Structures are given as structure tokens and as C-alpha cells.
Amino acid sequence: MSAVHASAVAAAPSPVRALLREEGEVWLFVLRTLLAFFLTGWIAMRLSLPQPSTAMLTAIIVANRQSGMVLAKSFYRALGTLAGALAAFAIVAAFPQQRELFLLALALWIGLCAGGATLYRNFTAYAFVLGGYTAAIIAIPVINDPPAVFDSATARISEVLLGLLVSGAVSDTVFPSRLRNVLRKTARGQFAHFLDFVRASTGGALARSAMERAHLRFVRDAVALEDLRSSVVFEDAEARARSAHLRLFNQRFMAASTSFQSVHHLINRLMRAGHDRAAQILIDLYAPLAEALAAPHEAGAPAATLLPRLTQARAAMDRRAARCVDTLDDPQDRRDVATGVTLLERFADELHAYVSSAADLQAPRLGGGAPESVRFARSNDLAGAALATLRTTLVMLALGAFWIASAWPLGASAMLIATIFAGLFATMPDAGRATGVVMVGYGIGMAAAFACVFFVLTVMDGYVLMVAGIVPFLLPGLVLMAGGRYASYGLGYTMGFVYILAVRNPMAFDPVHFLNDAVAQLAGLSAAAIAFVFIPSTIGTGWLRRRQLARLRAQVALAAQAPLRGLRHRFESVNRDLFGQIVAQTEPGSDASRSLLAWALSVHETGRAVIELRRALDENAHASLRTGIDAALAALARFYQHPDADGYARARAQFADVIGEAEAQPSARALLDHLYLIRLALLDRESALAPYMSPERAAPASAESSHAS
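Residues numbered from 1 in each chain as written. Predicted model: local features only at pLDDT ≥ 70, side-chain atom pairs only at ≥ 80, totals over all residues. Heavy atoms only, no water.

**Description of the overall build of the protein chain**
- Helix and strand counts for the protein chain come out as 26 helices and 0 strands.
- For a compact globule of 709 residues, the expected C-alpha radius of gyration is about 27 Å, and the protein chain comes in at 30 Å, within 12% of that figure.
- With respect to the principal axes defined by its C-alpha atoms, the protein chain has extents near 95 × 55 × 45 Å.
- Summarising the internal contacts of the protein chain: among those between residues at least 6 apart in sequence, 80% fall at separations of at least 24. (Helix = DSSP H or I, 4+ residues; strand = E, 2+ residues; numbered from the N terminus. Rg over C-alpha atoms; globule rule 2.2 N^0.38 Å. Contact = heavy atoms within 4.5 Å.)

**Section: the packing of helix 14 (residues 382-406) against helix 19 (residues 511-534)**
- With their axes 10 Å apart at the nearest point, helix 14 and helix 19 run at an angle of 135° to one another. With respect to helix 19, the axis of helix 14 lies oblique. As helix 14 runs across helix 19, the sense of the crossing is right-handed. Residues Arg-391, Val-395 and Leu-399 of helix 14 touch helix 19, and the partners they reach there are Ala-527, Ala-531 and Phe-532.
- By residue class, the composition of the contact of helix 14 with helix 19 is 5 nonpolar, no polar and 1 charged. (Axes fitted to C-alpha atoms, helices over the stretch in contact; angles between N-to-C directions. Parallel < 35°, antiparallel > 145°, perpendicular 65-115°, else oblique. Left-handed = near helix turned anticlockwise from the far one by under 90°. Nonpolar A, V, L, I, M, F, W, Y, C, P; charged D, E, K, R; others polar.)

**Here we look at helix 18 (residues 487-501)**
- With 15 residues, helix 18 ought to run about 21 Å at 1.5 Å a step, and its terminal C-alpha atoms sit 21 Å apart, in line with that.
- Among the 15 residues of helix 18, 11 are classified as buried, and the element is accordingly described as predominantly covered.
- All of the buried residues in helix 18 are Gly-490, Gly-492, Tyr-493, Thr-494, Met-495, Gly-496, Phe-497, Val-498, Tyr-499, Ile-500 and Leu-501.
- Just beyond helix 18, the residue with positive phi is Ala-502, at close to 50°. (Expected span 1.5 Å × (residues − 1). Buried < 20%, exposed > 50% of the residue type's maximum accessible area, 1.4 Å probe, protein only.)

**Description of unusual backbone geometry**
- The phi dihedral of Ser-48 is positive, around 60°, even though this residue is not glycine.
- Here Ser-48 shows up in the loop between helix 1 (15-46) and helix 2 (52-61).
- Here the phi dihedral of Phe-175 falls at roughly 40°; this positive angle occurs in a residue that is not glycine.
- Overall, the relative accessible area of 55% leaves Phe-175 in the exposed class.

**Here we look at helix 25 (residues 669-682)**
- Given a rise of 1.5 Å per residue, 14 residues ought to cover 20 Å, and the 20 Å separating the end C-alpha atoms of helix 25 matches this to within 8%.
- The element helix 25 is extensively covered by neighbouring structure, given that 12 of its 14 residues are classed as buried.
- Those residues of helix 25 lying buried are Leu-671, Leu-672, Asp-673, His-674, Leu-675, Tyr-676, Leu-677, Ile-678, Arg-679, Leu-680, Ala-681 and Leu-682.

**Regarding the pattern of salt bridges**
- Using the criterion set out here, one finds 19 salt bridges in the structure.
- Between Arg-269 and Glu-605 there is a salt bridge, with the nearest N and O atoms lying 2.8 Å from each other. With a gap of 336 residues between them, Arg-269 in helix 10 (residues 243-272) and Glu-605 in helix 22 (residues 591-620) connect regions that are remote in the sequence. With respect to burial, Arg-269 and Glu-605 carry one shared label: buried.
- Between Arg-626 and Asp-618 there is a salt bridge; the shortest N-O distance is 3.4 Å.
- Through salt bridges with shared partners, one network takes in Glu-350, Arg-568, Glu-572, Arg-576, Arg-608, Glu-612 and Arg-615. (Salt bridge = Lys/Arg side-chain N within 4 Å of Asp/Glu carboxyl O.)

**Overview of the environment of His-193**
- Secondary-structure assignment places His-193 in helix 7 (residues 179-200).
- Exposure remark for His-193: the relative accessible area of 22% places this residue in the partly exposed category.
- C-alpha separation for the pair His-193 and Arg-217, spaced 24 residues apart in sequence, amounts to 9.2 Å.

**Quick word on the packing of aromatic side chains**
- Scanning the entire structure with this criterion turns up 31 aromatic pairs.
- Plain terms: the ring middles of Phe-639 and Tyr-640 are 5.5 Å apart, the flat faces sit at 75° to each other, and that makes the pair edge-to-face.
- An aromatic cluster of at least three residues, connected via ring pairs, comprises Phe-191, Phe-194, Phe-197, Phe-218, Phe-249, Phe-253, Phe-260, Tyr-286, Phe-347 and Tyr-354.
- The residue whose ring lies beneath Arg-553 is Trp-599, and the NZ or CZ to ring-centre distance is 5.2 Å. (Phe/Tyr/Trp six-rings, centres within 6.5 Å; stacked < 30°, edge-to-face > 60°. Lys NZ or Arg CZ within 6 Å of the ring centre and 35° of its normal.)

**Points about the environment of Ala-386**
- Here Ala-386 lies in helix 14.
- Classification of Ala-386 as partly exposed rests on a relative accessible area of 46%.

**With respect to the packing of helix 3 (residues 67-94) against helix 5 (residues 124-139)**
- Orientation of helix 3 relative to helix 5, taken along the N-to-C sense of each, is 40°, at an axis distance of 6 Å. Between helix 3 and helix 5, the angle falls in the class oblique. Handedness of the crossing formed by helix 3 with helix 5: right-handed. Between helix 3 and helix 5, the residues in contact are Lys-73, Tyr-76, Arg-77, Gly-80, Thr-81, Gly-84, Ala-85, Ala-87, Ala-88 and Val-92 and Thr-124, Tyr-126, Ala-127, Leu-130, Gly-131, Thr-134, Ala-135, Ile-138 and Ala-139, respectively.
- Of the residues contributing to the contact of helix 3 with helix 5, the split by class is 11 nonpolar, 6 polar and 2 charged.

Right under this line is the structure:
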């Protein structure tokens, strides 16, 4: 992970070159996938593994255009495979001769794995899906022969690990597409966009709509960078060495962007209230930062060159601040400017730390000791996971009951397919539709496999000719899988083709068994689709968005009550993770989207001010103010958790009281800055809090602050 530059990403290539590059990447993906698929099959046959098709299917499932994604997916598939094998041993050992209890325990395990998959992003969720699926493919075939479970587990683990090993080796050596390049581009883009936005916004107030768009960009940048970092560490030794530095870089970006937003909220409020002089003073104090963030001819300079200039800008801000505050006659203006100065100093310090992290990443070698230990905390919804667990368990129980009652010879095949798709699509917003789309592709893939097996492979002899016979049928699915609007059809086609192709050594040509197996697989896929219709996923629903928004507001309570150690990092990352989840499920420009953005900005600003207030309170040990501040924070936390007009009035009154107490103590200056900032956020009539400011309650606001908007 070297360069994180302050320059913008290079100009986009021409449309023709971009199209050719995209097409080239698609065909390289197809080439790598075909090579991994057939090399895995050849090795599996040479090793006389019972089901080479399992190893070959593994190569298809972990296929990805970036080598880092293949390795990350392979790592978590290996974990899921081993966990599923242990679960299969335990279930078979516990119920070796009780078929009903055996299927009940297996259904519960698969359901819990599907629920676990909904709690995690990236490929961690994939490990849970594979934990359920592997237990099924090991345990179900030995339901009538429990002592064979060890041989079954050994064979499945060997086949899966072989597929992972070959896929990882091929993706990393054959024209590899490095994920680290995407990560570098993302980090550069985040850095360049933020510095450009800071530099461009030093001339005055920012419209709230512009701030909302910027906040959305900042959230996406932070989450995307963490998602890429968590995958690229599997691909690149340098990325692993710099992983902690990249985490710190991202955390400092989040902290600086929150302070940046708070600065402009304050300037906007002052301007709306007609306090132009105080607002202009803050804008002038802010100006040295724009000068420090590189002149146009230095736009491509390394981040390290910005550090001394930012230090000088901070010193210039301090000198100007001392003079400007003394020129103000209005006590309220003096108070507002003093609050703004504290906020600007915080932002300048955090911007310097952010640029310093970028300079560390640009350095050819990492120097100094280990960076500050931080992590990107996630937010998960247990209710959604419980629903996914219930849905998948019921599907497995229904198929298991039908299998037992009907003595269906291929009931196991139906259960295996249902296990795969019930887990894979549990995390999708419209899982029923997605399963239907995949089912169409799956059916077409099975039809293609029938033609391949009985009209082509029957006249082929030897592995090379088998490859030649399979490639024309497999190729369309892989091309569709590579990306675009038909990727889901491609995934279904490829899985349907490979799964029912069932390559063995020697091959078996039994059309009756083939057709019966096809019916069983479609039945399993249909059962998963029907389950998503009757017990739909909560993802994308208004119910889940309301729950997520409530958790987002509850972050203010977290800021007010949780232990301070590591709180700032946890607050910043969880906020962005939650916000990113809700944005992905909300129509852009809708009323719900606008309300979400308003609440997100309010939570970010207020929660961060609360954390800084608590830190200042601990550092200054104002015992006489602690009781009042604790009461005010408790009232604020209750309001954000359960917003209503009465709760708003109580929180505002509590802060007015404690501010009055703090103003009587000259040594409480640091606390007053944070208290005023929280109060100004409470009085902002363009924020998400405006609906709770009833006309009867609005009048006292003028007494509390002459610039209540």
C-alpha cells in the first residue's frame, strides 16, 4: 500500500479504451476461471477423490475478477467448511439412529448459519453459509450409514480445499487483477476529494444540501475503504503490513470529516441568524487551511509536503483568533466565535493527523512503532438474523419431513440446493425475486448440461476432449457472471450446469437419474424462493429502516453513556456503517432519504460534541458541574432514543441550566465551548430536530440564544 496522493485520480480514459479494457478484464476472468475449473478436476481425478465435481464447483463459487477477492472468499470458505464438518460430526454422533431428530438438529444448525450470515458483511457472512451447507453435504448422504461420516467428511474437506488451493493459485499467478490497485485508487480518491472539498469550502457557508451530499460521499468512501482493506490483506504482503496504518487513516478521515461538518453547521447558523460578523471571523480563521492545502501547481505533491504547511496554518489561526475575539463587543458574538475557534482547532488538528496518516502510507517503508490500534466497528440487527434463522430452519424442516414421508430417493439433493440458496440470498433486499432470477438461469444451465452430457460427452474420450466438449456450454455463464445486469442469470446458469454435470471418474450416463436429480434441485430452489415469499427478508423494508434509524439515533446515547476509551472510533465507524446500510435501502431523493440525511448529520455533530464534552469534563475534573452535565446528557440521550416535543424541551432546558452554571465559573471555558455547540445543534431549525420545536416552546429559544434560527 504505497501511494495515497493528494492529487485527483488521473483523467478517465476514452470510452473506447474503457470498453476495451472492460472486455479484456471479462475475458481474463473467464480464462482464469476455466483454467482453475479444469485443473481442479484433473487433479481431483488423479487423486481419485470420490466427487471431483465438488472441487470443480468450489472453483466456480469462489471465482472473482480480483485475486484478493478470490483469496478472501477462499479463506472464509475454508473456515466454513471446517466448522460445518465439525457440526456434521456432532449431529451424526448425537442422533445416529433417530432420523427425525437428526434432521431437526441439522435444520437448526443450517438456520443458525443463515442467521449468522445476515449479521456480517463481506465474506465473513460467506463462512456462515458454508458452515451450514458443508454440514448438510457431509451428514445427509450418511443418514442411513452413520459410521461413514468420517470418510464423507474427509472426502468433502479434501475436495473443497483442493478447489480453493487451485483457484487461489491460478487467480494469483495467471494475469492477476490485483485488488490492491483498487484499494490504492479508492484511498487516493478519498484523500483527494476530501482535501479538495475542504479547500473549496473555505470561502463561506455551505448549503445544507451540499453538506448532505458531501456527508453521503464521506460515508461511502469510509465504508468502501474498510471493505476493500479487509479483503486485500489476503492478497498482498505489503497490504497486510500496512493494514493497521490504513485503518488509522480511515478513522482519522471519519473524525476530520465530522469536525468539518460541525464547523460549517456553526457558520451556517450564524449567517442565518444575521450574525455575519462572527461568521466572517470564523471564515477568515479558516482561510489559512485553504492556503496550506497546496497551490494548484503543487496539486500532485506528496502528503508529507503538506504537514509543515498545516502546522504553520494552525499557528496562524491561533494568532488571528486571539486578535479577533478581542475586537468583538457583543458578548454573544464573543461566545460564538470562542466556540467556533475551539471547533476549528479540533478540525485543524484532526486534518493534520489525517494528512500525517496519508504520508505514512505513501512512505516506501513504514517507520516508527506500531500505529494507534483502531478498528472499524459494525452494527448488526439481531431481529433480522432471527428471522433468517426461522425461515431457513422451516425450509429445511419442511423438505426433511417431505423426504421422510415420501421416501423420495433424491430428497437429499433438494435439501442441499435449498441450503445453499436459503443462506446465500438471506442478505439480499429482494431475496424472492433474486432467487427467481437465479432459478431461471439454473434451469437453462441444467438444460445445457443435459445436451452436453448426453449429446457431446458420450462421444468424447479422455480428459482433453472432455474439456473441449464442456467449454462451449460453460462459457456463456462465465461471461454473464463477469458483471452487468445479467450477472444473476449467469450465476444461476453456471451453478446449474456445473452442479448437475457432476463430473466423475469414470463418468456415468444415466438420463433417468439426471432428470430426477434436475427435478429435485429445482424443487429445492423453489422451496427457498417460496420461503422468501412467505417469510420475506427484512432487508429493504420500512420496518428495518425504522429500526436502523432508531439505532442511529441511539448513537447519541452511546456517546453520552459508554466508557470513553475507544469511544470516538466506535462512534464514528458504527454511525457510518448504519448510515450506509440505510442508504442502500432508501430511494435517493425520497422523503425517507432526506429525513435520514438530516438525522445522520444531527447525530454525527451532536454525538461527537458529547464525546468531546465528556473528555473535557474528565480532564478538567469540574466536580461541581458534573451532576448538571450528567443530567443534561441523560436528557439528551433520552430525547434521541425516543424523540418527542416534551423530551426536546427537557433536554434544551437542562443544557440552558448547566450552561448558566458553567458561565459562572471562569475555569469552565473548555466545557462551555462544547456545551454551546450542543445547544446550538438543539436550536437549529433546519435540522431533524425542527419538528419537535413547537411554537409555544420556540419563544424561550430567543432568550437562550440570540441567534436561534
